[in-house]
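Take a look at the letters that make up each chain.
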Amino acid sequence: MSGHNLLAELKKIDVLDLPYVERDLNFAQKVSLSFLLYGDEHSSATYILQKLLVLARATDWRHSDILSQYAKYKPQSWHQNLVEALCIIGARQVLRKLGLRWQELRMHYLPHIGGISLHIHPLLKSLYTICEELTLAQSAHMVLDIRDKVRAGDPLRYYNSAHLEIFMLDWMTRRLIRLGDINANGSDVQLLIEYFKLNDLCAQATLLVDTVNSNATSILAHAPTSVSPNRETSDSAKPNVLPTVVYSGLANESSSSTASSSRQRAQNAIQLSRENAGIALIINQQKFHRDVNDDLKIYLPPVALPPRHGTDVDKQRLTDVFSALGYKVQAHDNLTHFSMLHHIRQACELSLLHDSVVVCILSHGFGEAVYGSNSIALRISDIENVLCSYENLYNKPKLAIIQACQQEDKNNNALPYKIHASTKSPDQHLNMLRAMSTVPGFAAMRHTHTGSWFIQCLCDAIVEHADSDHIADILTIVINNVANKRGNKNETMVPWIGGALRQHVYFPSAIATDSRVPKDKN
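Residues numbered from 1 in each chain as written. Predicted model: local features only at pLDDT ≥ 70, side-chain atom pairs only at ≥ 80, totals over all residues. Heavy atoms only, no water.

Novice: Help me understand unusual backbone geometry in this model?
Specialist: Generally, phi is negative for residues other than glycine and the peptide bonds are trans, each holding for most cases. With a phi close to 65 degrees, Ser-375 is a non-glycine residue in the positive phi region. Looking at the element boundaries, Ser-375 is found in the loop between strand 6 (369–371) and strand 7 (377–379). Note on Ser-375: relative accessible area 1%, which makes it buried. (Helix = DSSP H or I, 4+ residues; strand = E, 2+ residues; numbered from the N terminus. Buried < 20%, exposed > 50% of the residue type's maximum accessible area, 1.4 Å probe, protein only.)

Novice: Even after reading the chapter, I still don't get the environment of Thr-129, so can you show me in this structure?
Specialist: Relative to the helices and strands, Thr-129 resides in helix 9 (residues 122–133). Engagement of the side chain of Thr-129 in a polar contact is seen with the backbone oxygen of Lys-125, the distance being 2.9 Å. (Polar contact = N/O pair within 3.5 Å; in protein donor to acceptor, adjacent residues only side chain to side chain.)

Novice: For this particular structure, what's the right way to read helix 18 (residues 471–483)?
Specialist: With 13 residues, helix 18 extends 18 Å between its outermost C-alpha atoms, agreeing within 8% with the 18 Å of an ideal straight helix rising 1.5 Å per residue. Every buried residue belonging to helix 18 is among Ile-471, Ile-474, Leu-475, Val-478 and Val-482, and all of these are buried. In an axial view of helix 18, the angular spread of the buried residues amounts to 95 degrees, which keeps them on one side of the axis. (Expected span 1.5 Å × (residues − 1). Arc of directions from axis to C-beta.)

Novice: Help me understand the sheet that holds strand 9 (residues 432–436) in this model?
Specialist: Whenever strands of a sheet pair, they do so through backbone hydrogen bonds, lying parallel or antiparallel. Strand order in the open sheet formed by six strands is 3-2-4-8-9-12, with mixed pairing between adjacent strands. This sheet does not close on itself; its edge strands, each paired only once, are strand 3 (328–333) and strand 12 (496–499). Between one strand axis and the next, the sheet turns through 10 degrees on average, direction left out of account. Bridge count for strand 9 against strand 12 is four bridges, and the pairing is antiparallel. Bridging from a neighbouring strand, Arg-434 pairs with Gly-498 of strand 12. Sitting on the sheet, helix 15 (residues 337–349) touches strand 2 (278–284), strand 3 and strand 4 (356–362), and the angle it makes with strand 2 is about 170 degrees. (Pairing = 2+ DSSP bridges. Axes fitted to C-alpha atoms, helices over the stretch in contact; angles between N-to-C directions. Contact = heavy atoms within 4.5 Å.)

Nothing here speaks to function; it is all geometry.
What follows is the structure in structure tokens.
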């Protein structure tokens, strides 16, 4: 069968067939297939690792949606990737049910030859081969040795070394091993190579070395001291074949060599990638009304809320800054409280394969609450619970940026609208971070022409320090810069930061932008 005819046959596989394909796979095959399909990018590896851990604890693992989700994630290429992965794991019965002939597929994809692949990342294929070659005792010994050697963050709470690919995914998400781009440029599997050599597993070490050398388009004589944690793109990848440096830190995606960017980073730090940074949702409330149903009027403040002049400057600045970081910016004006919740939940649902999510709310507010454009307020803690309740955002950085007054006004207090948003475990709040324009009980300063103090200082700090400092340090800089400002009547303001970051989190490096708004002169 020619390549053209084979591709035509593959396209006949319908997405509705995928649940039936999964039912024909045993758990070990699902693990292997997930490893081959999802393991090539950090965000997808993180997602599928959590998915497999949940599936392993389930009483019935036969009903899953791993392949259906993959088809949504890779709508253009899932057919060919899936069939090659099925060939690699030798799922002949499934392939026959799909109407494909094994001998023709075997000649096309060469599943029996390690390190050579058409669509699947070659290192993933080689790592899968190694997982199959090692005995159960060898796998268990390897897991324990690498865990003792590295000790990066909380240990993986999974103990069945028969599924070694799950541990491989864990090492990838911790940036202990890196695949680089599809040609293995920027890869780093030295940890495994050294282990195999020390334990007389020379064939496995040779397979990894040969895979990198046969696929990499170029080789550096000296390995960099650190490498980018996520799959490299063609313009940022630094070929790294057999690096000799052991995990001194995580590299910034920028190629600049400033003193600050060369500082050693914590080993378990999270570096967000430009390719998968995530969604930055901006809710910009400029005008307010009181046209609500009778059953909602109890939530209205006694006095009408004035327009927020200058907020559009903040919206544009946030759009420019987060777009330059690689975020998919979704900016919306004048949303009711219901629409706010809808767009926040939608951003969470679309964050399945993203590294993080950012929600910016620019509005009026009072103690622990922000207003919708219909003058109905939501509790900020409820908004946080919404962000933390989504499984696909578990352990991912979730940043809520709130520009709103927080003082209590006894003459115009409103009753916040209660929403049903709760979390079942404190772990769901890990890596949630809230950045407030002001400490509780005080007003937030906003200039009608140049925007708010907090948002403008935040954007300045991100532009100046994203290449070198983690988010918590950037926000500390913002607090200092805002606290040093003075208004025309000597007004002052102090932002407030709170959350549950468990790791240092680094923004992607920003591309140049010249849409900068002049600093507030007040």
